[in-house]
Amino acid sequence: MIGVAESGRAVAPGMLGVLDVARDVLGELDLDVVLERVVEAARELSGARYGALGVLDRSRTELERFITVGVDEVARQRIGPLPTGKGVLGELITNPRPLRLADVGAHPHSYGFPPEHAPMKAFLGVPVMVGGEPFGNLYLAEKVGGEEFSEDDEHAVVRLADLAGLAIDHARRYTRVESQRVELRRTVDALDATIQIARALGGETDLERILGLVAKRGRALVSARALVIEHERAGEMVIAAAAGDVPEGLVGQRVDLHDSLAAAALRTRRTLRVDEAPNRPRFERYGLGRLGVNADAGLMVPLMFRGQGHGVLVVVDRLKGGPAFTAEDQRLLEAFAASAATAIATAETVEAERRRQTLAAAEQERARWARELHDGTLQSLASLRVGLAARLRRAPPGPLADAVSEAVAQLETDIGNLRALVTELRPAALDDVGAQAAIRNLAERARSHGLEVDLTIDLAYEHGRAPDRHTSEVETAIYRIIQESLTNATKHGEAHHATVIVEEDETTVHITIQDDGRGFDTTDKTSGFGLLGMRERAGLLDGTLEIQSTPGQGTTVNAALPARRRTAQAA
Ligand SMILES: Nc1ncnc2c1ncn2[C@@H]1O[C@H](COP(=O)(O)OP(=O)(O)OP(=O)(O)O)[C@@H](O)[C@H]1O
Ligand SMILES: [Mg+2]
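First, a word on scope: everything that follows refers to the structure included in this document.

Rules of the game
Residues numbered from 1 in each chain as written. Chains lettered and ligands numbered in written order. Predicted model: local features only at pLDDT ≥ 70, side-chain atom pairs only at ≥ 80, totals over all residues. Heavy atoms only, no water. Helix = DSSP H or I, 4+ residues; strand = E, 2+ residues; numbered from the N terminus. Buried < 20%, exposed > 50% of the residue type's maximum accessible area, 1.4 Å probe, protein only. Contact = heavy atoms within 4.5 Å. Areas by Shrake-Rupley, 256 points an atom, 1.4 Å probe, with all protein chains shown as cover. Pairing = 2+ DSSP bridges. Axes fitted to C-alpha atoms, helices over the stretch in contact; angles between N-to-C directions. Expected span 1.5 Å × (residues − 1). Arc of directions from axis to C-beta. Near = heavy atom within 4 Å. Polar contact = N/O pair within 3.5 Å; in protein donor to acceptor, adjacent residues only side chain to side chain. Nonpolar A, V, L, I, M, F, W, Y, C, P; charged D, E, K, R; others polar. Parallel < 35°, antiparallel > 145°, perpendicular 65-115°, else oblique. Donors = N, O, S within 2.8 Å, 3.2 Å for Na, K, Ca; no water. Lys, Arg positive; Asp, Glu negative; His and termini not counted. Salt bridge = Lys/Arg side-chain N within 4 Å of Asp/Glu carboxyl O. Phe/Tyr/Trp six-rings, centres within 6.5 Å; stacked < 30°, edge-to-face > 60°. Bend = angle between axes of the 7 residues up to and from the residue. Core = buried A, V, L, I, M, F, W, Y, C linked by side-chain atoms within 4.5 Å.

### Structural notes on the overall build of the chain
Of the regular secondary structure elements, the chain holds 15 helices and 16 strands. Counting only residues that meet the buried cut, the chain has 47% of its 571 residues in that class. In the chain, the share of contacts with a sequence separation of at least 24, taken over all contacts with a separation of at least 6, comes to 62%. Of the accessible surface of the chain, which amounts to about 27,900 Å², a share of 51% is contributed by carbon and sulfur atoms.

As structure tokens, this is what we get:
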């Protein structure tokens, strides 16, 4: 078959070609072609050396056909007759659920391989349903590199099997009907898009790039005028990527997490139609409509991964034969959204880990500087001051004594400033005696800068209700969130008064910082890192952070951090 992809890159036949090639052969596309493509795609997605699709016979007790990829013709001849569905292959027939094994030979139902069969250990089997009925099973064996198949492999292949079911259904019904080929082509495109996303995931863990790719591919898939991804990040719904015709500056804006249509789609875990009567006002008032996105029609599909919502895909206005999207569009987009969600969730995890390391490194760096300044600079300034003061006592009065006296006073001020800086960088109290003392110092310093602070701290450890302190990650987050909020209150809000409350219940630490400053519009874009950093810290600890502010009426920051104590880890 075809060994060179369209881009001109030479590729091994059957390795990369899959659906890139599918486009070229659509003219002769029939069921067999689709089946082969599916096996190829499954193999590529999971990194399996061998792939096969067993098609059930009418009775659905045996395999009628067995389409293999990865085994060459000579080897196939040597192995003898193709399997009909006994042993582990049969297991999937009687029990059509994904089956993932580290060693297929160790399964109680294994009945061994023919003597000439290539050795196989790692195994992944996934049923393929067509029109709600079992059609056959995808079998994958031997992950390249010799590892086991992962849960993510399983998830990806299950998704592919869903799409394959659609493609097979179409191929069976419509192969010879020209007008339906377009539909078939689109299903193959959906398969293709899924593969692309999975392929991108292989080497790509950059969340922004994945979001961009999802936006472009998804828009093309249903020929929408525009696609927007609203992504949930630490309690906020952020426009994370867009493709097509959208207003400038849209990406980076936020929509309401409570009242927007996107929030409703996430809560109900169902696709919502923008053009339906009760939905439109929410779209216009709280969602994308408010940000200048026009829509005659649209779909809002939640991005669900393992039962958890990560955001929504929004498509507006079908370009061809639109503006409304068809039920078929919806099905395609939902299948696509499922694999996109896998990619996004994986990239999120990688990104979170990266951020956690960066934050930890930054804290370490601060601590290093604090130590350096304290042990080095501060100590030598202090000894200089002691030396000068001693000379001053012995010196006769005169201009020289005056100058020395002035220098001593200056040194004392500098030492004071430097001490404050060291504390700012790394409050010793946070390391030694805990969050409460560190926060008290923080409030004290804010007072010295003219901000009246009412402080209420009720932490379980400090009051003897819990045996252990929170982990240093949690304590640092509490401290830094209050620090940033108080700094912002003074620096931007010019507040006179702030209330800080830190309390905890069984599971959660609640932090509130309220100021009486000038307030601001929280949907404005900013170049600062303070609010972003607070959100990141909360997000990385699986907590939430909410900021309420109205110009002229002060600002309230609310954070909730799940309690984590030092017992499990070294204190
Ligand atoms: N308490 C507040 N009162 C008034 N405006 C605020 C308050 N907190 C934040 N802001 C506004 O939000 C913007 C972003 O705050 P953020 O802390 O992210 O950045 P920054 O303080 O400007 O810079 P950085 O924190 O990186 O030094 C500020 O520039 C300010 O306009
Ligand atoms: Mg700030």
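Following the structure, the description resumes.
### Quick word on the sheet that holds strand β12 (residues 452–458)
Within the open sheet, the five strands sit side by side as β12-β13-β14-β16-β15. Their pairing is mixed. Strands with a single pairing partner mark the edges of an open sheet, and in this sheet they are β12 and β15 (544–549). Sheet twist, expressed as the average angle between the axes of neighbouring strands with direction ignored, equals 10°. The strands touched by helix α14 (residues 472–491) are β13 (497–504), β14 (508–515), β15 and β16 (555–562); relative to β14, the strand with the most contacts, the crossing angle is about 10°. Along the sheet, helix α15 (residues 530–540) contacts β15 and β16; its crossing angle with β15, the most-contacted strand, is approximately 145°.

### Here we look at unusual backbone geometry
One can expect most non-glycine residues to show negative phi and most peptide bonds to be in trans. At E142, a residue that is not glycine, the phi angle is positive and equals roughly 60°. Mapped onto the secondary structure, E142 falls in strand β5 (residues 133–143). The backbone phi angle of S223 is positive, close to 45°, even though this residue is not glycine. Positionally, S223 belongs in the loop between α7 (207–221) and β6 (224–233). Under the relative-accessibility criterion, S223 is labelled buried at 16%.

### Looking at α7
For α7, built from 15 residues, the straight-helix expectation of 21 Å at 1.5 Å per residue is met to within 8% by its first-to-last C-alpha distance of 21 Å. Residues of α7 that are buried include every one of L207, I210, L211, V214, A215, G218 and L221, and no others. For α7, the arc enclosing every buried residue in end-on projection is 140°, short of the 170-degree limit, so these residues lie on one face. Of the residues in α7, the exposed ones pointing more than 90 degrees away from the buried face are R209, K216 and A220. Immediately beyond the C-terminal end of α7, within one or two residues, lies S223, with a positive phi of roughly 45°.

### As for the pairing of β5
Of all 11 residues in β5, nine are buried, a share of seventy percent or more. As judged from the seven bridges shared by strand β1 (residues 48–56) and β5, these two strands associate in the antiparallel manner. When the sheet's bridge partners are listed, A48 is paired in β5 with K143. Across eight bridges, the pairing between strand β4 (residues 123–130) and β5 is antiparallel. Residue pairing in the sheet places L124 in a bridge with L140 of β5. From the end of β4 to the start of β5, which pair antiparallel, there are two residues, and G131 there has a positive phi angle of about 55°.

### Regarding the site of ligand 1
Taken together, 15 residues lie near ligand 1, and E484, N488, H492, F529 and L531 sit nearest. Between E484 and ligand 1, the recorded distance is 2.9 Å, taken from a side-chain N or O atom to an oxygen atom. One nitrogen or oxygen atom from the main chain of F529 is found 2.7 Å from an oxygen atom belonging to ligand 1. In isolation ligand 1 offers 600 Å² of accessible surface; the protein chains occlude 77% of this area. Counting residues per element, the ones that place at least two in the shell around ligand 1 are α14 and α15. Examining the composition of the shell around ligand 1, we find that four residues originate from one element, α14, more than from any other. Of the residues belonging to the shell around ligand 1, the class tally is four nonpolar, eight polar and three charged.

### A closer look at the packing of α7 against helix α10 (residues 327–394)
Contact pair α7 / α10: the axes reach a minimum separation of 9 Å and the direction vectors enclose 175°. The pairing of α7 with α10 is recorded here as roughly antiparallel in orientation. For the pair α7 and α10, the contacting residues are L207, I210, L211, V214, R217, G218 and L221 in the first and L332, L333, F336, A340, A343, I344, A347, E348 and E351 in the second. Residue classes in the contact of α7 with α10 are distributed as 12 nonpolar, one polar and three charged.

### Re the pairing of β15
Covered by surrounding structure in β15 are L545, I547 and S549 only, the residues T544, E546 and Q548 on the alternate face being uncovered. Pairing geometry for β15 and β16, over six bridges, is antiparallel. If you follow L545 over to β16, its bridge partner there is A559.

### Focus: the coordination of the magnesium ion (ligand 2)
Protein-derived ligands of the magnesium ion (ligand 2) are E484 (OE) and N488 (OD1), with the metal-ligand distances lying across 2.0 to 2.2 Å. One end of the pair, E484, and the other, N488, are both in helix α14, four residues apart, so they sit about a helical turn from each other.

### Section: the side chain of E230
Relative to the assigned elements, E230 resides in strand β6. For the buried E230, which has no salt bridge, the nearest side chain bearing the opposite charge is R290, at an N-O separation of 10 Å.

### A word on the packing of aromatic side chains
Summed over the entire model, instances satisfying the criterion amount to two aromatic pairs. When the centroid spacing of 6.2 Å and the interplanar angle of 35° are considered together, the rings of F123 and Y139 count as tilted. Placement of the pair is F123 in strand β4 and Y139 in strand β5, with a sequence separation of 16 residues. Neither residue differs from the other here; F123 and Y139 are each classed as buried.

### Remarks on α10
Here α10 is 68 residues long and its end C-alpha atoms lie 95 Å apart, about the 100 Å a rise of 1.5 Å per residue gives. If you look at α10, its biggest bend is around 30°, right at L378.

### Considering the sheet that holds β1
Within a sheet, neighbouring strands are paired by backbone hydrogen bonds and run either parallel or antiparallel to one another. Across the sheet, which stays open at both edges, the five strands sit in the order β2-β1-β5-β4-β3 with antiparallel pairing between neighbours. Of all strands in the sheet, those with a lone pairing partner are β2 (63–69) and β3 (99–101), marking the two edges. For this sheet the average axis-to-axis angle between neighbouring strands, irrespective of direction, equals 15°. Of the strands in this sheet, β1, β2, β3, β4 and β5 touch helix α4 (residues 87–94), which is tilted by about 35° from β4.

### Let's talk about the nonpolar core
One finds I478, I482, L486, V502, I511, I513 and L545 to be the most contacted residues of the largest nonpolar core, which totals 34 residues. No other element matches the eight residues that α14 contributes to this core. Setting aside chain neighbours within four positions, we find V502 in contact with I439, T456, I457, D458, L459, I478, I482, V509, H510 and I511. L211, A215, A240 and I344 belong to the second largest nonpolar core, which has 33 residues in total.

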